[in-house]
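# Commentary on secondary and tertiary structure
Now for the letters of each chain:
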Amino acid sequence: MTEPLQSGSPAPPELAATGLTVRFGTLTALDGVSLAVRAGECVAIAGENGSGKTTLIRALGGDLAPDSGTVELEGVALAPDPVAAARRGMRIVWQDLVLADNLDIAANVMLGNERRRHLLFPALLHADAARLLDRLGIPVGDPARPVRSLSGGQRRMIAVARAMARAPRVLLLDEPTSALGVAEAALVERLITRLRAEGTTIVVSGHDVPQMVRLADRILVLRHGRLVAEADPGDVHPDDVAALISGQALEEVRARREALEAALSAQEETMALRRARDMQHAFLRRLSHELRTPLTAITGYATSLLQPDVTWDDETRHRFLSRIAAESSRLGRLVNDLLDFSAIEAGIFRLSCDWCDLPLVIDAAVSVLPPERAPMVEVRAPSDLPAVWADHDRLEQVFVNLLANALEHNPPGTRVQVSADPGEDTVTLLVSDDGGGLDPELLRDPPSAGQSRPRGAGAGLGLSIARGIVAAHGGTLELEPVPRGTCLRITLPVEKAAEQEQA
Amino acid sequence: MTTQVLIVEDDPNIVDLIRSNLAVRGFDTLVSVDGARVLSLLETERPDMVLLDLMLPGTDGFELCRQIRERSEVAIIVVSARGGERDKVTALNMGADDYMTKPFGIEELMARILATLRRTRPSGQADAEEEAPVITIGEVEIDLGAQRVRRAGSEVHLTPTEFLLLRELALHRGKLLSRTHLLRRVWGHGYETETEYVRVYIRRLRAKLESPDGPPLIVTQPRAGYRIADLTRTNRIR
């Protein structure tokens, strides 16, 4: 390769590969491939199926250990470990992407990118996902939609958005428009053009030559695992590139492709499993901490009272016993939350509905709060509020949850407002506080050993349960963006009495 | 003089629990609900012991433990909700003298507090000193009376627990001592299963007293225990 005219030592390229060779059994998938990608450059890898494009993407992204050769990111060797590569800012979007069909758009976009606040406040996950999708100009509508309802092109864009959630240094796209219709491919291409304009370093593989000419700064042509040509999209005809790409026996192409696909799908399954396991692990760790806190107090107070060689005065004994009682109820509430949560997750959550007067539900919730906190809550509900067909106790649980959250996570003296507004066929309820917004502690990643933790954060189930209960009523619970404090919006359907009687 | 314990803990129940139990036994207590004031309290109040919760808001507990140890010889017991072996070894390496996992029974905590205080506040252990006030092993000199250790003529600073462990090994020179024996003699009853404690402290003694190219001072007998080398005899044979 020719060196540009410049003095001194040039900065190392953003991404460089030297002599990459990868064999699968007797098949040589990559044969001594070297390339260099400058920061902000978009490089296309063109080649037929089985030419080694996906293998090259995998080797560049640390997803596969080459038999020989090295990959360097900013002049520093990259270990063949997808997690380490991701940590250094490398993101891969796979051809057969791994979206979780049972999750909604937002959860898929943030999958693996969750922050602690997302686990505590699922509404924030939706807000962050919506912001990211909006920034990238991805038109998929409501982020609460399940991904199985999306088209192929929309799924590709969700996968790209997921890769962009942590502002990667290098984005590797493996055939991002394969198997898409013309209109959908154009949408994905527009997204890549936009990322390129924002200065993201991109390596994209594919075989749509006209598209590559539009997208890339350079086109590298791969055949039989070797780099056979480099083309400048500015002075090459798409037909010439197509000619460079083609020219091999069909049988060989098929054999190579099948071997590569088998290797890739096994790898993807492992990755998806690992991700799911990590999330589960974080949840269990938080839960065990929450269970241990009341348990420590109960054990400690009980064993204090049981000591034969210590005599406690009446006041102390009474205090110890009342703490044991209080912490036992806290433990009981945690267990109830867990049962509710698993019922909601399993879809076997039952409501016993009747006509409910919402102001009464809210009053009941306020009366459950600690007496010193209750005066901080102000309720504003118009007298003409329609009755809703709902489970009184469960709705009360939602308000207790939201109110307790608002009071606990804010400094003392914070006021909480609950307002209700009748709409056309819904009632909208807002629970807002004028506190300092979310506690910055909650915005951190899950703490590891010896690091800080927020107090009273619970197992993070409260909001999930509240959301599940509202959803079981056919309503929604969302975070409402406000300049100060936190505001949660509940929308409940108001059904006509006649319809209800039919049901 | 009463013994003063600094409780660093943000859970009001645990604070009340520990404080009540210490007070009823005649200890003085101080409380810090976060890590920020700990180092200044250490200087102004000079407590005899710190009970340190590892997970305080806004504080890295391990780092705080290291900073306390850097400034002071005070006894440190870490009280943590995390029970992993790795956290325990990390805490010991950061200078903690003992590690308790939540939830704990109060009797065990009190026993650990007393044992740790006994170990870290050495008071005239007069039994063996008269027989062998100074033991010399290779280039290491252990003055049992003055509780001082010199290596190749220059003084080496050992913490009280390190000294007790070295003393126990040196008094039985050449004899194999099991981990359980060392735990019982140095740490006290109730510590028999804490084998990592011995491992961590043996490693520290080696780092302070052995030279990388010289003969080993402490010999590990796999699965059995440790013995201190009888270096004078070895030298004579050479």
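Residues numbered from 1 in each chain as written. Chains lettered and ligands numbered in written order. Predicted model: local features only at pLDDT ≥ 70, side-chain atom pairs only at ≥ 80, totals over all residues. Heavy atoms only, no water.

## Side note on the overall build of chain B
- Scanning chain B from N- to C-terminus turns up ten helices and 14 strands.
- Burial analysis of chain B (238 residues in total) assigns 52% to the buried set.
- Summed over its atoms, the accessible surface of chain B is roughly 10,900 Å², and 48% of this surface lies on carbon and sulfur atoms. (Helix = DSSP H or I, 4+ residues; strand = E, 2+ residues; numbered from the N terminus. Buried < 20%, exposed > 50% of the residue type's maximum accessible area, 1.4 Å probe, protein only. Areas by Shrake-Rupley, 256 points an atom, 1.4 Å probe, with all protein chains shown as cover.)

## Here's the deal with helix α7 (residues 160-171) of chain B
Residue and element names in this part refer to chain B.
- Taking 1.5 Å of rise per residue, twelve residues should cover 16 Å, and α7 covers 16 Å from first to last C-alpha, within 8% of that figure.
- Most of α7 is tucked away: eleven of the twelve residues are buried.
- Along α7, the residues that are buried comprise Pro160, Thr161, Glu162, Phe163, Leu164, Leu165, Leu166, Arg167, Glu168, Leu169 and Ala170. (Expected span 1.5 Å × (residues − 1).)

## Observations regarding the side chain of A:Thr491
- Counting through the fold element by element, A:Thr491 comes out in strand β17 (residues 486-493).
- Apart from residues lying up to four places away in sequence, A:Thr491 is in contact with A:Thr426, A:Val427, A:Thr428, A:Val470, A:Gly475 and A:Thr476. (Contact = heavy atoms within 4.5 Å.)

## Regarding the sheet that holds strand β2 (residues 27-37) of chain A
Residue and element names in this part refer to chain A.
- Strand order in the open sheet made by the four strands is β2-β1-β4-β5, with antiparallel pairing throughout. The open sheet has two edge strands, β2 and β5 (76-77), and neither has a second partner.
- Inspection of the sheet shows strand β1 (residues 15-24) paired to strand β4 (residues 68-73) by five bridges, in the antiparallel sense. Along β4, the bridge assignment pairs Ala16 with Glu72. (Pairing = 2+ DSSP bridges.)

## What to know about the environment of B:Glu107
All names here are of chain B.
- Along the chain, the position of Glu107 falls in helix α5 (residues 106-120).
- With a relative accessible area of 44%, Glu107 lands in the partly exposed category.
- As for Glu107 and Asn21, which are separated by 86 residues in sequence, their C-alpha atoms are 9.4 Å apart.

## Comments concerning the packing of aromatic side chains
- With the rule as written, the count across this model stands at six aromatic pairs over all chains.
- Here A:Trp355 and A:Trp389 contribute two aromatic rings whose centre-to-centre distance is 5.2 Å and whose plane-to-plane angle is 65°, an arrangement assigned as edge-to-face. Note that A:Trp355 is positioned in strand β11 (residues 354-356) and A:Trp389 in strand β13 (residues 388-390), a separation of 34 residues in sequence.
- Taking the relative accessible area as the measure of exposure, A:Trp389 reaches 30% and is therefore partly exposed.
- The structure contains a cluster of three or more aromatic residues connected by ring pairs, namely B:Trp187, B:Tyr191, B:Tyr197 and B:Tyr201.
- The positively charged end of B:Arg112 is found above the aromatic ring belonging to B:Tyr191, 4.3 Å away from the centroid.
- Of note, B:Arg119 hangs over the ring of B:Tyr191, and the distance from its end group to the ring centre comes to 5.7 Å. (Phe/Tyr/Trp six-rings, centres within 6.5 Å; stacked < 30°, edge-to-face > 60°. Lys NZ or Arg CZ within 6 Å of the ring centre and 35° of its normal.)

## Thoughts on the state of the cysteines
All names here are of chain A.
- In this structure the tally under the stated criterion is zero disulfides over all chains.
- Cys356 takes part in no disulfide bond, and the closest cysteine sulfur, belonging to Cys353, lies 7.4 Å away.
- Judged by its relative accessible area of 4%, Cys356 is buried. (Disulfide = S-S within 2.5 Å.)

## Structural notes on the confidence of the model for chain B
All names here are of chain B.
- In the predicted model, chain B carries a mean pLDDT of 86, and 92% of its residues have values of at least 70.
- Counting interchain partners and residues more than four positions distant, the pLDDT-below-50 stretch residues 233-238 has zero contacts.
- Predicted as a complex, the structure gets a pTM of 0.52 and an ipTM equal to 0.73. (pLDDT = per-residue confidence, 0-100.)

## Structural notes on the sheet that holds strand β7 (residues 98-101) of chain B
Residue and element names in this part refer to chain B.
- Spatially, the five strands line up as an open sheet ordered β2-β1-β3-β6-β7, and their pairing is parallel. Either end of the sheet is taken by a strand with one partner, and the two such strands are β2 (28-32) and β7. Looking at each pair of strands side by side, their axes are set apart by 20° on average, direction ignored.
- Sheet topology places strand β6 (residues 75-80) next to β7; four bridges connect them, and they run parallel. Looking at the pairing, Ser80 lines up with Thr101 of β7.
- The strands touched by helix α1 (residues 12-24) are β1 (4-8), β2 and β3 (49-53); relative to β1, the strand with the most contacts, the crossing angle is about 170°. (Axes fitted to C-alpha atoms, helices over the stretch in contact; angles between N-to-C directions.)

## Some words on the packing of helix α6 (residues 152-164) of chain A against helix α7 (residues 182-197) of chain A
Residues and elements named next belong to chain A.
- Between α6 and α7, the least distance of the axes is 8 Å, while the angle of their chain directions is 15°. Relative to α7, the element α6 lies roughly parallel. The handedness of the crossing between α6 and α7 is right-handed. Across the interface between the two elements, Gly152, Gly153, Gln154, Arg156, Met157, Val160 and Met164 of α6 pack against Glu184, Leu187, Val188, Leu191 and Leu195 of α7.
- For the contact of α6 with α7, a count of residues per class yields seven nonpolar, three polar and two charged. (Parallel < 35°, antiparallel > 145°, perpendicular 65-115°, else oblique. Left-handed = near helix turned anticlockwise from the far one by under 90°. Nonpolar A, V, L, I, M, F, W, Y, C, P; charged D, E, K, R; others polar.)

## A few points about unusual backbone geometry
Residues and elements named next belong to chain B.
- Pro103 follows Lys102 through a cis peptide bond whose omega is -5°.
- The topology assignment puts Pro103 in the loop between β7 and α5.
- Notably, Gln147 is not glycine yet its phi reads approximately 55°, a positive angle.
- By the element assignment, Gln147 lies in the loop between β9 (140-143) and β10 (148-151).
- We note that Ala152 has phi near 50°; this positive angle belongs to a residue other than glycine.
- Mapped onto the elements, Ala152 comes out in the loop between β10 and β11 (154-156).

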